[in-house]
Amino acid sequence: MKDIKLQKRLVYALENRKPFAHFKRIIDDSAERQNWFDFKDNDYAEIAKKWLEENAPEKFLEKIRTLPAVFKAE
């Protein structure tokens, strides 16, 4: 994040009472809102991919890998 002032506000929000509510309010009112959602969505996708690689049966993984841009095992 390039905006140091926003970064400091977010860190402060996370260090105080009701951190998630304050973080959300600050992000929602900032120019970084869409970047946050993109980051969060990408992170959730990576967690799901890792979980599938570790837990899903191979037959299921083969089907998933045929879907476009849904699952790309590295």
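Scroll up to find the structure.
Since this is a predicted model, take the numbers as computed values, not measurements.

Asks: Before we go on, may I ask you to explain the overall build of the protein chain in this structure?
Replies: Scanning the protein chain from N- to C-terminus turns up four helices and zero strands. Taken from N to C terminus, the helices and strands of the protein chain fall in the order α-α-α-α. The principal-axis extents of the C-alpha atoms in the protein chain amount to approximately 50 × 25 × 15 Å. Looking at the protein chain residue by residue over its 74 residues, the buried ones come to 16%. A fraction of 9% describes how many contacts in the protein chain between residues 6 or more apart in sequence connect residues 24 or more apart. With the model as given, the accessible surface of the protein chain reaches about 6,400 Å², and the carbon-plus-sulfur share is 57%. Of note, the protein chain has its 16 positive side-chain charges centred 6 Å away from the centre of its 14 negative side-chain charges.

Asks: Help me understand helix α2 (residues 19-28) in this model?
Replies: Structural remark: α-helix, 3.6 residues per turn; residues separated by three or four positions point the same way. Turning to α2, its buried residues are F23, I26 and I27. Within α2, the buried residues cover an arc of 95° as seen down the axis, which keeps them to one side. In the core, the buried residues of α2 are packed alongside α1 (4-14) and α3 (33-55).

Definitions and cut-offs
Residues numbered from 1 in each chain as written. Predicted model: local features only at pLDDT ≥ 70, side-chain atom pairs only at ≥ 80, totals over all residues. Heavy atoms only, no water. Helix = DSSP H or I, 4+ residues; strand = E, 2+ residues; numbered from the N terminus. Buried < 20%, exposed > 50% of the residue type's maximum accessible area, 1.4 Å probe, protein only. Contact = heavy atoms within 4.5 Å. Areas by Shrake-Rupley, 256 points an atom, 1.4 Å probe, with all protein chains shown as cover. Lys, Arg positive; Asp, Glu negative; His and termini not counted. Charge placed at Lys NZ, Arg CZ, Asp CG, Glu CD. Arc of directions from axis to C-beta.

The values reported here are purely geometric and, on their own, carry no functional implication.
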